[in-house]
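Take a look at the letters that make up each chain.
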Amino acid sequence: MSVFDTFLNWKVFVQTLPLLLSGLSITISLGLAAILLGFAGGMALALLRLYAPAPVRLIAIAYIDVFRAIPLLVLLVVVYYALPFVGLRFTPFTSATLALSMVSAAYSAEILRAGIEGVPKGQFEAARALGLSPLRRMTDVILPQAIKLVIPPMTSNAINVLKDTALASVVAMPDLLKQATQAQALAANPTPLISAALIYLILLLPLVRLVGIFERRMAARGR
Amino acid sequence: MAAIIEMKGVIKRFGTFVALDGVDLTVEEGEIVVVIGPSGSGKSTLIRCVNQLEEHSEGSIVVDGHAVARGADLGAIRAEIGMVFQSFNLFPHMSVLRNVALAPVRVRGLSWPEAEARAQRLLARVGLESQAGKYPAQLSGGQQQRVGIARALAMEPKVLLFDEPTSALDPEMVGEVLDVMQELAKTGVTMVVVTHEMGFARKVADRVVFMDAGRIVEQGAPAALFDAPSDSRLRNFLNAVLTH
Ligand SMILES: Nc1ncnc2c1ncn2[C@@H]1O[C@H](COP(=O)(O)OP(=O)(O)OP(=O)(O)O)[C@@H](O)[C@H]1O
Ligand SMILES: [Mg+2]
């Protein structure tokens, strides 16, 4: 038996590909949901952390610190296996989305805060001097500039979220990795695992490259 | 004549440092007041207290009959006070036209077409009618500052504050901005101008205010102040600036 028959067996590949693709679609749905929810939550947290009165600000800081400190796998297991004991029962997809979004929100919050703080002070002053309301200052003047600044780190964060979706296989989520391990057991051949690894790479390598391009462009503009 | 700005006993501290040390200043409607003084004397702090970019520590500030203080509707008060910054502070992600039209829409409630028509008119007034579609980064410093003036005018404010509007400009662009300001002064707008341009002060000001160490040391008509300064600090300052 050649190496190809073992690790990239064409017959096994064709047989298990539909399974892998259904896993991929779940991986992508989960990733996108967590990225979007994490962005929305992160935006709210960043604004609270920067501008809310002290007690609320402290809660935001505490949230951000806790969810950056807790290992995602631990959080996932707690949400899926521990919360049912207090009557909170979620599907695997909901559990995984929750855990991933809560952590991504904490990281997004710190990225967005840095972005907002990176907007020159004169922009805040000009917006205030014109009489714009606090909300308008943010939506019209500050956030468009801040978001432009955080596109590279936000893309990095999105890559991390997409990678971390693989952890969801521990809560019986039929994502790409879970489908691949099951297909491997069925076919008694590691080809599905290798295929899954390649699919992850095809999904993520362009994003990694994109971050590199963004960063080079930012550096060039910063000169 | 009605007072547009009335400052009484205004003190501003940064920590323990006293940047404004009991300033009384009244600016009448239509008056052009030029503020001069050495670096660190509190000129910027003075005009930044008027629109509360800095919150004063003590004393009272009344703008157009409204007390400017913590808890006041600062948005409404600021809408009546135009400000032109040394570093322009145009919004880099918006076209020149939108820079000028934004606040009239968001604060005054104009429609976009109305505000853009107004913006276009003001850009023509500062000689930039053909630049409306450009972005700030595509303009020279002098052009950017003229947009800054148009942006402030678009709110039809009761008073315009200028904080060293030409200090960040290359020398060859100072003139075009001062010309716009001088034209503006003729139209009866109330202006408070912090500047080191003594020629402008002499020609345009109704009153020159000299500050030192957070206080107004001397003030008066430009001719009197420049030709017969009574305070020795003013004499030293003028010597330093004019021989410079
Ligand atoms: N945010 C701040 N925190 C601490 N000190 C400040 C702050 N802003 C101004 N100061 C101090 O207050 C004093 C007055 O500053 P201000 O900017 O009003 O001076 P200025 O007359 O405008 O000077 P310049 O001609 O250099 O612009 C200076 O000594 C300055 O260091
Ligand atoms: Mg200053």
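Procedures and definitions
- Residues numbered from 1 in each chain as written.
- Chains lettered and ligands numbered in written order.
- Predicted model: local features only at pLDDT ≥ 70, side-chain atom pairs only at ≥ 80, totals over all residues.
- Heavy atoms only, no water.
- Helix = DSSP H or I, 4+ residues; strand = E, 2+ residues; numbered from the N terminus.
- Rg over C-alpha atoms; globule rule 2.2 N^0.38 Å.
- Buried < 20%, exposed > 50% of the residue type's maximum accessible area, 1.4 Å probe, protein only.
- Contact = heavy atoms within 4.5 Å.
- Areas by Shrake-Rupley, 256 points an atom, 1.4 Å probe, with all protein chains shown as cover.
- pLDDT = per-residue confidence, 0-100.
- Buried area = accessible area lost by both parts, 1.4 Å probe.
- Salt bridge = Lys/Arg side-chain N within 4 Å of Asp/Glu carboxyl O.
- Pairing = 2+ DSSP bridges.
- Axes fitted to C-alpha atoms, helices over the stretch in contact; angles between N-to-C directions.
- Near = heavy atom within 4 Å.
- Polar contact = N/O pair within 3.5 Å; in protein donor to acceptor, adjacent residues only side chain to side chain.

Caption draft 1: A look at the overall build of chain B. Scanning chain B from terminus to terminus reveals nine helices and ten strands. For chain B, whose C-alpha radius of gyration is 18 Å, the value lies close to the compact-globule estimate of 18 Å for 244 residues. A burial count over chain B gives 55% of its 244 residues as buried. In chain B, the proportion of contacts linking residues at least 24 apart, taken out of those at least 6 apart, comes to 66%. Surface accessibility of chain B: about 10,100 Å² in total, with carbon and sulfur atoms responsible for 48%.

Caption draft 2: Inspection of the confidence of the model for chain B at higher detail. Residue and element names in this part refer to chain B. For chain B, per-residue confidence averages 95 on the pLDDT scale, and residues scoring 70 or more make up 99% of the total. Mean pLDDT values over the elements of chain B span from 88, in helix α9 (residues 232-243), up to 98, in strand β6 (residues 81-84). Predicted complex metrics record ipTM = 0.94 and pTM = 0.91.

Caption draft 3: How the structure looks around the interface of chain B and chain A. Each partner contributes to the interface: chain B provides 22 residues, whereas chain A provides 16 residues. Of the roughly 1,600 Å² buried between chain B and chain A, counting both surfaces, carbon and sulfur atoms make up 60%. Applying the counting criterion to the chain B and chain A interface returns two salt bridges. Between Arg106(B) and Asp140(A) there is a salt bridge, with the nearest N and O atoms lying 2.6 Å from each other.

Caption draft 4: Molecular detail of the sheet that holds strand β9 (residues 207-212) of chain B. Residues and elements named next belong to chain B. Within the open sheet, the six strands sit side by side as β6-β7-β8-β3-β9-β10. Their pairing is mixed. Strands with a single pairing partner mark the edges of an open sheet, and in this sheet they are β6 and β10 (215-220). With direction set aside, neighbouring strand axes in the sheet form an average angle of 20°. In this structure, β6 lies alongside strand β7 (residues 159-163), joined through four bridges in parallel fashion. Considered in β7, the bridge of Met83 is made with Leu161. This element, α9, spans β3 (32-36), β9 and β10 of the sheet and lies at about 100° to β9.

Caption draft 5: Expanded view of the environment of Gly212(A). All names here are of chain A. The residue Gly212 is located in helix α9 (residues 191-222) in this model. The exposure class assigned to Gly212 is partly exposed, which follows from its relative accessible area of 21%. For the pair Gly212 and Pro152, spaced 60 residues apart in the sequence, the C-alpha separation amounts to 8.1 Å.

Caption draft 6: Expanded view of the pairing of strand β2 (residues 17-28) of chain B. Residues and elements named next belong to chain B. Taken together, the nine bridges between strand β1 (residues 3-14) and β2 define a ladder with antiparallel strand orientation. Counted as the bridge partner of Arg13 is Val18 from β2. Here β1 hands over to β2 after two residues, with Gly15 in that stretch at a positive phi of 65°.

Caption draft 7: Spatial organisation of the environment of Ala132(B). Residues and elements named next belong to chain B. With respect to the secondary-structure elements, Ala132 resides in the loop between α4 (112-125) and α5 (141-153). A sequence separation of 99 residues divides Ala132 from Val33, and the C-alpha atoms of the two residues are 31 Å apart. Residue contacts for Ala132: discarding those within four places in its chain leaves Ser95, Val96, Leu97, Gln120 and Leu123.

Caption draft 8: Quick peek at the pattern of salt bridges. Here the structure, examined in full by the defined rule, presents 22 salt bridges over all chains. When the shortest N-O distance is used, the salt bridge between Arg113(A) and Glu117(A) registers 3.7 Å. Of this pair, Arg113(A) and Glu117(A) both sit in helix α5 (residues 92-118), separated by four residues, roughly a single helical turn. Close ionic contact of Lys186(B) with Glu183(B) constitutes a salt bridge, the shortest N to O distance being 3.1 Å. Residue Lys186(B) and its partner Glu183(B) are both found in helix α6 (residues 171-186); the two are separated by three residues, about one turn of the helix. The class of Lys186(B) is exposed, set by a relative accessible area of 61%.

Caption draft 9: Just the site of ligand 1, in detail. Residue and element names in this part refer to chain B. Around ligand 1 there are 13 residues in total, and Ser39, Gly40, Lys43, Ser44 and Thr45 lie nearest to it. Ser44 has a polar side-chain atom sitting 2.7 Å from an oxygen atom of ligand 1. Between ligand 1 and Thr45 there is a distance of 2.5 Å, counted from an oxygen atom to a side-chain nitrogen or oxygen. Of all the secondary-structure elements, those providing two or more residues to the shell around ligand 1 are β2 and α1 (43-50). The dominant element in the shell around ligand 1, judged by the number of residues it contributes, is α1, at three residues.

Caption draft 10: Local environment of the sheet that holds strand β5 (residues 66-67) of chain B. Residue and element names in this part refer to chain B. Sheet architecture is open: four strands sit in the order β2-β1-β4-β5, paired in antiparallel fashion. In this open sheet, the two edge strands, each paired with only one partner strand, are β2 and β5. Sitting on the sheet, α1 touches β1, β2 and β4 (58-63), and the angle it makes with β1 is about 120°.

Caption draft 11: Structural view of the environment of Val180(B). Residues and elements named next belong to chain B. Relative to the helices and strands, Val180 resides in helix α6. The exposure class of Val180 is buried, given its relative accessible area of 13%. C-alpha separation for the pair Val180 and Gly220, spaced 40 residues apart in sequence, amounts to 24 Å. Residues in contact with Val180, not counting those within four places in the same chain, are Val126, Arg146 and Ile149.

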